[in-house]
Each structure stands twice: as C-alpha cells, then as structure tokens.
Amino acid sequence: MPGCAHCGRSLDIIANQVGRRDTCPGCGEDLRSCRNCRHFDPTVAKACKEPFAEVPKDKDEANFCELFQLGQGGLHAKESRDALLNAAESLFKKK
C-alpha cells in the first residue's frame, strides 16, 4: 500500500493518482516529491534510479516529474543517514 515518505502514514490512493498539489493528510508534506517516488534512492546518482529523469535539487518539494510513481512510504532516508553518521562519529571519537 502506498505511504508517505515523511511520516510513514498509509495512503488510500489508487493507480498513482497523485496531483502536484496533493499533500499528506497526516503531516501536510507534498506527496508528489522525489522522496515519495518509488524511483527515489539516496545511494545512486542524483538520488533517482530513473536515468532519464530531470531531478530537482529539493527532494521534498512538489515537482512536475513525468516519471513519478508513488512509492511504498517509510521515513526519510536522511533521518537514518544522520543516525548512522552520529553512530560512526561516536565510534571513532578520540578519548
């Protein structure tokens, strides 16, 4: 089931019918953004698995990407990345 990448809330959306101005009923964030797309992957170039996509700089803002497909949701990858960086810093801290 599709979900919001910002808050993790499940969305009752059928057949990828997401408009540019649609927002999540749970957190109010834009739904048609890179982070909510199934092609979003912060580990690849431009954070998008679609090689022909014109990727915007801000991954949280609504955009006009024609390749957008609503993903399964989950929380921001940035949050987990920050947690990993903090863990690595604490591991390698000099005493």
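The preceding data block contains the structure.
What comes next concerns the included structure. (Residues numbered from 1 in each chain as written. Predicted model: local features only at pLDDT ≥ 70, side-chain atom pairs only at ≥ 80, totals over all residues. Heavy atoms only, no water.)

Digging into empty space enclosed by the protein
For the coordinates displayed, the defined rule picks out 1 cavity of 30 Å³ or more. What the largest cavity holds in volume is close to 130 Å³. Here the residues of the lining of the largest cavity sort into 11 nonpolar, 3 polar and 4 charged. (1 Å grid on protein atoms, 1.4 Å probe; cavity = no way out; pocket = protein on both sides within 12 Å on 5 of 7 lines; lining within 4 Å. Points joined across faces, edges and corners; volume = space filled by probe spheres on them. Nonpolar A, V, L, I, M, F, W, Y, C, P; charged D, E, K, R; others polar.)

Focus on the side chain of Asn 36
Summarising the element assignment, Asn 36 is placed in the segment before helix 1 (77–91). If we skip the residues at most four places from it in the chain, Asn 36 touches Gly 3, Cys 4, Ala 5, His 6, Asp 30, Leu 31, Phe 68, Gln 69, Leu 70 and Gly 71. (Helix = DSSP H or I, 4+ residues; strand = E, 2+ residues; numbered from the N terminus. Contact = heavy atoms within 4.5 Å.)

Re the side chain of Arg 35
If you trace the backbone, Arg 35 turns up in the segment before helix 1. Arg 35 sits in the buried class, given a relative accessible area of 16%. A distance of 2.8 Å separates the side chain of Arg 35 from the side chain of Asp 60, its partner in a polar contact. (Buried < 20%, exposed > 50% of the residue type's maximum accessible area, 1.4 Å probe, protein only. Polar contact = N/O pair within 3.5 Å; in protein donor to acceptor, adjacent residues only side chain to side chain.)

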